Every structure is written in C-alpha cells, then in structure tokens.
Amino acid sequence: MTIDNNIPSASYGILQQNRPDSALDEAAEQVRNLGYAIIDSGYTAPALQSISEAFDCTREHYVETYGESKLRSLNEFHTIRSPLTHGDEAFLRLALNENLLSVLRKLIPGKFILNQQNGVINPSQETYNQSAWHRDLPYQHFVSTKPLAINALFCVDDFTVENGATFVLPASHKSEAFPSSNYIRRNAIQVEAKAGSFILLDCMVFHAGGYNTTHSVRRAVNHVYNIPYFKQQINLPMNMKNASLSAEAKDILGFNYMEPNSIAQYFSARTGKEY
C-alpha cells in the first residue's frame, strides 16, 4: 500500500483521535472503519510450505472420502469443510495463530469462538460457489456498533488480480442493504495479499471471490470467529479430541459453549459440578 505524501497532516477542531501502537492495532482500526485489513501471520517459509502440503494432502483425502461426483453435485468440490478435524494439526495451529487472535481480541470484546474453518479453492478459469457477493453472516440485513463476527481468510497462495483475489465493498458492514449495481462498479476493490497473510473482514462486509484467469488454482483457508451466541457450522468439539488442548484453545473451539441437553447439564456447565 502506498502513502500519498500530499495528504494533509495538520488538523484542527479534533477532540478525539485513535492512536494505534502497532501494526495489529492499525489493522483493527481499519476493520472497524472500512471492514477489511491484511495482517501477517508471522509464519516462516518452511511453516508456510508445511501448510501448503497439509492443504493438498487433506484435500486429496477429503475427495477420496466423499467422492468427486457427490461433492460436485452439492457444489462442494472446491471446499474442504472443517479441515482442523481431519487430523493434521497444521490447521489447528492456523486457527489459533497468535497474531490473528491478538487482533480478534481487539475487535470482539469478551468471548469469541471459532464458528467454522473451511479450505477454499479458487479453480483455474472456472466459476465457484464463493464468486457471488455475500456476507459471511448470510441473509442478514442489520448493522451493529461492534463486530459480531470476523472472517479471517488465510492465503495459502498469493492473492493477485490475475488469480481472482477477493473483492470487497469497503464499509458495507455499516449499511443494511446490498448496494446498487452502479455503486458496486464504482466502489468495489480487489484485495491483493501475499501467501502467509490473513485477510480480515467484518463478517457483515459484502465480498466475493474474483475470477481466476491463471492456469493454477488459488488456495486459502477461511475462518469465521463470532460471539458465542451463534451455533457453529459444524460441531467442532464433537469431532475433535480435547485431551491435548489448552484451556484457551478449548474455549476458542467452543468446548465451553456446547448446547446443553438438559437442565442438569446446563447447571454442570456453569459450576463444573455434576448434577
């Protein structure tokens, strides 16, 4: 991102101003104002290569398990649902990335949980199910003063204009209705990012995957984190072993927010005692 040196630096009549102390603070400020930002995951090149290999291996096993024809019939062939439950800990570490969690703590006051994690493939020269404008809280038309949910799209590959980098409508998380076609043409931007970056979105920002004109797929791992009042896309605690998880990890993955099956279970969850 370039900075225009001609932008005025002086001001008057200002009684309040944000004063971020770090790049992560600046990212949180941008998400609040524009609805999107990019942060670095902090991974080394070998760690990024490990995630890339884990993605391909998990995708291959996923297709073998559920069948290509079945996945295509459901329009699910270019998605890997809940990869952190498939056994490779690279995806669990990704969901608990400390740079990411640090920004989430700034954006969502109090508790938040992982609602979903999905591998996303933007195929070469082919449409796919994320290429339509949408919110990651779909079918909702309201605004809130603070984020209810944050989308964290991890770039396994570089996101470029050529391979269909995500389109965003800046600040659309502040408007209830989907904008007009002319407004979209004038104001939509395409967010380019390097492999190893997280593209953060307020989940009420309208966005869409671009068309991949290259001869290679573009891979990403999408995460949605939200306040604990929304149900998870897939019940993560029921599909994960919790023995080796830290208390913080169990909290973020939703182990402490599972829907109780009885009044006694509800009391037990609140007190830690059997009833």
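Above: the structure in question.
Below or above, wherever it landed, is the structure these notes cover. Predicted, not measured: the structure shown is a model, and the values here were computed from it.

### Some details on a nonpolar patch on the surface
Nonpolar side chains collect at one region of the surface, where Ile263, Tyr266 and Phe267 lie side by side and expose about 310 Å² of accessible area between them. In this structure, Phe267 sits in helix H8 (residues 263-271).

### Structural notes on helix H1 (residues 23-34)
The end-to-end C-alpha separation of H1 is 16 Å, in line with the 16 Å expected for twelve residues at 1.5 Å each. Burial in H1 covers these residues: Leu24, Asp25, Ala27, Ala28 and Val31. Down the axis of H1, the buried set is contained in an arc of 160°. They therefore lie on one face. Packed against the buried residues of H1 are strand E1 (36-40), helix H5 (98-107), strand E4 (149-155) and strand E7 (197-202). Gly35 sits one or two residues past H1 and shows a positive phi near 90°.

### Things to note about the pairing of E7
Burial within E7 is extensive, with six of its six residues counted as buried. Two elements, E1 and E7, share five bridges in a ladder whose sense is antiparallel. Across the sheet, the residue bridging to Asp40 is Ser197, located in E7. Two strands pair when backbone bridges link them, and E4 and E7 are joined in this way by five bridges, in the antiparallel orientation. In the sheet register, Leu153 faces E7, and the bridge partner there is Ile199.

### Looking at helix H2 (residues 45-66)
Over its 22 residues, H2 extends 32 Å from the first C-alpha to the last, a length consistent with the 32 Å expected when each residue adds 1.5 Å. Looking at H2, one finds that the buried residues are Ile51, Ser52, Ala54, Phe55, Thr58, Arg59, Tyr62 and Val63. Taken around the axis of H2, the buried residues stretch over an arc of 165°, which confines them to a single face. Summarising the geometry of H2, the exposed residues directed more than 90 degrees from the buried face are Pro46, Cys57, Glu60 and Glu64.

Procedures and definitions
Numbers given for residues are sequential positions, taken from 1 along each chain in its written order. Only residues with pLDDT of at least 70 are given local features in this predicted model, and only at 80 or more are side-chain atom pairs given and counted; all residues enter the totals for whole chains, interfaces and linings. Each side-chain value is derived from all of the structure's non-hydrogen atoms; neither hydrogens nor water enter the calculation. Patch building starts from residues that exceed 30% relative accessible area and form no salt bridge, then joins like charges within 9 Å and nonpolar side chains (Val, Leu, Ile, Met, Phe, Trp, Tyr) within 5 Å. Only the protein chains shown count as covering a residue, and every accessible area follows the Shrake-Rupley method with a 1.4 Å probe. We define a salt bridge as a side-chain nitrogen of Lys or Arg found within 4 Å of a carboxyl oxygen belonging to Asp or Glu. For the purposes of this entry, the term helix denotes a DSSP run of H or I that reaches at least four residues, the term strand denotes a run of E that reaches at least two, and both are numbered from the N terminus. What a helix is expected to span follows from its residue count: subtract one and scale by 1.5 Å. Think of it in three bands: residues with accessible area under 20% of the maximum for their type are buried, residues over 50% are exposed, and the middle band is partly exposed, with areas taken using a 1.4 Å probe on protein chains only. Throughout, the arc means that of the directions going from the helix axis to the C-beta atoms. Here, two residues are considered to be in contact whenever any of their heavy atoms come within 4.5 Å of each other. When DSSP locates at least two bridges between a pair of strands, those strands are taken to pair.

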